[in-house]
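Observations on the three-dimensional arrangement
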Amino acid sequence: MVKVIGIGDNVVDKYVHIKTMYPGGNALNFSVFAKKLGFEAAFIGTFGDDAEAEHVQRVVNEIGIDVSHCRHFSGENGCARVTLEDGDRVFLGSNDGGVTREHLLELTEDDKAYIQEFSLIHTGLYSHTGHILTELSALGVPLSFDFSDDFQQEQIDQFISDVNYGFFSCSHLSEEEAKQLLKANFAKEGQILLATRGSEPAIAFDGANYYYQAPEYVKAVDTMGAGDSFITAFLLSLITGHDIQTAMKEAAGFAAKSCLVEGSFGYGVRYQ
């Protein structure tokens, strides 16, 4: 049985123009999207004790994500403020992960044994997990890392050798610049690096060849979580035996569907 786990950030995205908050966060989104694709999924992260944390926990319990190894601290849950402009998300600020940043995750031996039960780990730059990447890599479970769109070369140099799958948001780069980024940072045999480029074709690199996939165009309701849905579908297609090109096509289709949902995956509630 294929089981996957997201480790790191959970947040609420507060849509200030409609006073509604939605659960999200790169690592949590991965787990939720995997569950929606029919896979068993878990999440390890840190929750605060405010209304935002309560909402996220209520939703993940309803969806059926295993959160038995999560941490709980007094303080603010991760929270971001956003708005929409023509369906595109616009970030207005955040508390930089709240308790996730204030209480960095340290792996216990019990955590490590639990994680080794899974077929894939996903985490990312906003998960505040950089300090445990080498530990995670050493567990022998394929490791995916999202460098997002504000990565620095220093961070790539620090993390890239630990990851099996690396993702970069590169809508600010030309096709040639994105290809050079992937090629220059390819670190080991078997690694796959992938650049998403907004409305332009995504590019993957396996150390020898480049692969391209145009997005499926839809009239987006909300692009929040589109990149995370692409990553999730791509990874799950790969680890269940499909080739890179097929995985990219399936990812594009799933990402397009996610753009028709408000928030990363819905479940919005009003806030004061």
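For the structure, see preceding data.
The sections below set out a description of the structure shown in this document. For clarity, every value in this text was computed on a predicted model and none was experimentally measured. (Residues numbered from 1 in each chain as written. Predicted model: local features only at pLDDT ≥ 70, side-chain atom pairs only at ≥ 80, totals over all residues. Heavy atoms only, no water.)

With that settled, the discussion passes to unusual backbone geometry. Positive phi, normally seen in glycine, also occurs at Lys19, with a value near 50°. Looking at where Lys19 falls in the secondary structure, it is placed in the loop between strand S2 (11-15) and strand S3 (20-24). According to the relative accessible area criterion, Lys19 is partly exposed, its value standing at 38%. The backbone of His128 sits at a positive phi, close to 55°, despite the residue not being glycine. Positionally, His128 belongs in the loop between strand S8 (120-124) and helix H5 (133-137). (Helix = DSSP H or I, 4+ residues; strand = E, 2+ residues; numbered from the N terminus. Buried < 20%, exposed > 50% of the residue type's maximum accessible area, 1.4 Å probe, protein only.)

Let us look at the packing of aromatic side chains. Between two aromatic rings, the relevant description is the distance of the centres plus the angle of the planes. On inspection of all chains with the given rule, the structure shows 13 aromatic pairs. Centre to centre, the rings of Phe145 and Phe159 are 5.3 Å apart; their planes meet at 50°, and the pair counts as tilted. Taken as a pair, Phe145 in strand S9 (residues 143-146) and Phe159 in helix H6 (residues 153-159) lie far apart in primary sequence, 14 residues in all. Residue Phe145 shares its accessibility class with Phe159, and that shared class is buried. For the ring pair Phe265 and Tyr267, a centre distance of 6.2 Å and an interplane angle of 65° mean the geometry is edge-to-face. The exposure class of Tyr267 is partly exposed, given its relative accessible area of 30%. (Phe/Tyr/Trp six-rings, centres within 6.5 Å; stacked < 30°, edge-to-face > 60°.)

Here we come to the sheet that holds strand S10 (residues 165-169). Hydrogen bonds between backbone atoms are what pair the strands of a sheet, whose relative direction is either parallel or antiparallel. Strand order across the open sheet formed by 9 strands is S5-S4-S1-S8-S9-S10-S11-S12-S13, with mixed pairing between neighbours. Pairing within the sheet leaves two strands with one partner each, and these edge strands are strand S5 (71-72) and strand S13 (210-213). In this sheet, strand S4 (residues 40-47) lies alongside strand S1 (residues 3-8) in parallel orientation, the contact comprising 6 bridges. Bridge pairing links Ile5 to Ala42 in S4. (Pairing = 2+ DSSP bridges.)

On to the packing of helix H1 (residues 26-36) against helix H8 (residues 226-239). At a closest axis distance of 9 Å, the pairing of H1 and H8 adopts a crossing angle of 55°. Looking at the two axes, H1 sits oblique to H8. Every pair of crossing elements has a handedness; the one defined by H1 and H8 is right-handed. Here Asn26, Asn29, Phe30, Phe33 and Ala34 of H1 come into contact with H8, specifically with Asp228, Ser229, Thr232, Leu235 and Leu236. Considering only residue class, the contact of H1 with H8 consists of 5 nonpolar, 4 polar and 1 charged. (Axes fitted to C-alpha atoms, helices over the stretch in contact; angles between N-to-C directions. Parallel < 35°, antiparallel > 145°, perpendicular 65-115°, else oblique. Left-handed = near helix turned anticlockwise from the far one by under 90°. Contact = heavy atoms within 4.5 Å. Nonpolar A, V, L, I, M, F, W, Y, C, P; charged D, E, K, R; others polar.)

To continue, consider the side chain of Ser31. You can see Ser31 is positioned in helix H1. Looking at Ser31, its side chain comes within polar contact range of the main-chain nitrogen of Gly6, at 3.2 Å. One polar contact links the side chain of Ser31 to the main-chain carbonyl oxygen of Ala42, over a distance of 2.7 Å. When sequence neighbours within four positions are dropped, the list of residues in contact with Ser31 reads Ile5, Gly6, Ala41, Ala42, Phe43 and Ile65. (Polar contact = N/O pair within 3.5 Å; in protein donor to acceptor, adjacent residues only side chain to side chain.)

Here we come to the packing of H8 against helix H9 (residues 244-258). Orientation of H8 relative to H9, taken along the N-to-C sense of each, is 145°, at an axis distance of 7 Å. The handedness of the crossing between H8 and H9 comes out as right-handed. From H8, Ala226, Ser229, Phe230, Ala233, Phe234, Ser237 and Leu238 reach across to H9, where they touch Ile244, Thr246, Ala247, Met248, Glu250, Ala251, Ala252, Phe254, Ala255 and Ser258. Here the contact of H8 with H9 is built from residues that sort into 12 nonpolar, 4 polar and 1 charged.

Time to look at H9. For H9, with 15 residues, the first-to-last C-alpha span of 21 Å sits near the 21 Å given by 1.5 Å per residue. Among the residues making up H9, those that are buried are Ile244, Ala247, Met248, Ala251, Ala252, Gly253, Phe254, Ala255, Ala256 and Ser258. Looking at the buried residues of H9, the elements they touch are H1, strand S11 (192-197), strand S12 (200-205), S13 and H8. (Expected span 1.5 Å × (residues − 1).)

As a further point, take the sheet that holds strand S14 (residues 269-270). Pairing is mixed across the open sheet formed by 5 strands, whose spatial order is S7-S6-S2-S3-S14. Where the open sheet ends on each side, the last strands, each with one partner, are strand S7 (88-94) and S14. When strand S6 (residues 78-85) meets S7, the two strands line up antiparallel, connected through 6 bridges. The partner of Val82 across the bridge, within S7, is Phe91. Strands in contact with helix H2 (residues 51-63) are S2, S3 and S14; relative to S3, the strand with the most contacts, it is inclined by about 55°.

With that settled, the discussion passes to the environment of Glu40. Mapped onto the secondary structure, Glu40 falls in strand S4. For Glu40, a relative accessible area of 36% corresponds to the partly exposed category. Remark: the alpha-carbon pair of Glu40 and Val2, spanning 38 residues in sequence, is separated by 6.9 Å. Setting aside chain neighbours within four positions, we find Glu40 in contact with Met1, Val2, Lys3 and Val4.

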